[in-house]
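So you can see what is in the structure, the chains are spelled out below.
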Amino acid sequence: MTSSAKQASLAPDIVWASAVRVDASGQPCPQPLLAMRRALKQLAPGEILHLIATDPASQRDIRSFSELSGVPLLRAEIDGEFFHYWLQQIDR
């Protein structure tokens, strides 16, 4: 089982397709992280954000952000050159 499949199995009630999508593909570091933070501020607690990035540094940046901020990283996948992250807005 991949880590993303393991994470997805921990959150079976989430409708992944309903996540607010932010496409930061083609943007260099730190732009995907900044785009994700701006979008999270617009979400209500409990809403899901789906970030798409192509910058390999996003793997480190998004995981570090999640650990430091407490915003849950629910799922992370790599699809070719694309990195996909699903985060859940927490109570502010």
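Residues numbered from 1 in each chain as written. Predicted model: local features only at pLDDT ≥ 70, side-chain atom pairs only at ≥ 80, totals over all residues. Heavy atoms only, no water.

> I'm lost on the pattern of salt bridges in this one. Help?
Here the idea is simple: oppositely charged side chains can pair when their charged atoms come close. For the structure shown, the criterion picks out two salt bridges. In this structure, aspartate 61 and arginine 60 form a salt bridge, with 3.1 Å as the shortest nitrogen-oxygen distance. On the accessibility criterion, aspartate 61 (15% relative accessible area) is buried. Classification of arginine 60 by relative accessible area gives exposed; the value is 52%. For the salt bridge of glutamate 77 with arginine 75, the shortest nitrogen-to-oxygen distance reads 2.6 Å. For arginine 75, a relative accessible area of 14% puts it in the buried group. (Salt bridge = Lys/Arg side-chain N within 4 Å of Asp/Glu carboxyl O. Buried < 20%, exposed > 50% of the residue type's maximum accessible area, 1.4 Å probe, protein only.)

> Whenever I open this one, the nonpolar core confuses me. Can you help?
The nonpolar side chains of soluble globular proteins are, as a tendency, buried together. Within the largest apolar cluster, 19 residues are counted, with the highest numbers of intra-cluster contacts made by Met36, Ile62, Tyr85 and Leu87. At the level of elements, strand 1 (20-24), helix 2 (31-42), strand 2 (48-53), helix 3 (57-69), strand 3 (73-79) and strand 4 (82-88) are the ones that each hand at least two residues to this core. Considering every element that reaches this core, the biggest residue donor is helix 2, with five residues. Aside from chain neighbours lying at most four places away, what touches isoleucine 62 is Leu33, Met36, Leu51, Leu73, Tyr85 and Leu87. (Core = buried A, V, L, I, M, F, W, Y, C linked by side-chain atoms within 4.5 Å. Helix = DSSP H or I, 4+ residues; strand = E, 2+ residues; numbered from the N terminus. Contact = heavy atoms within 4.5 Å.)

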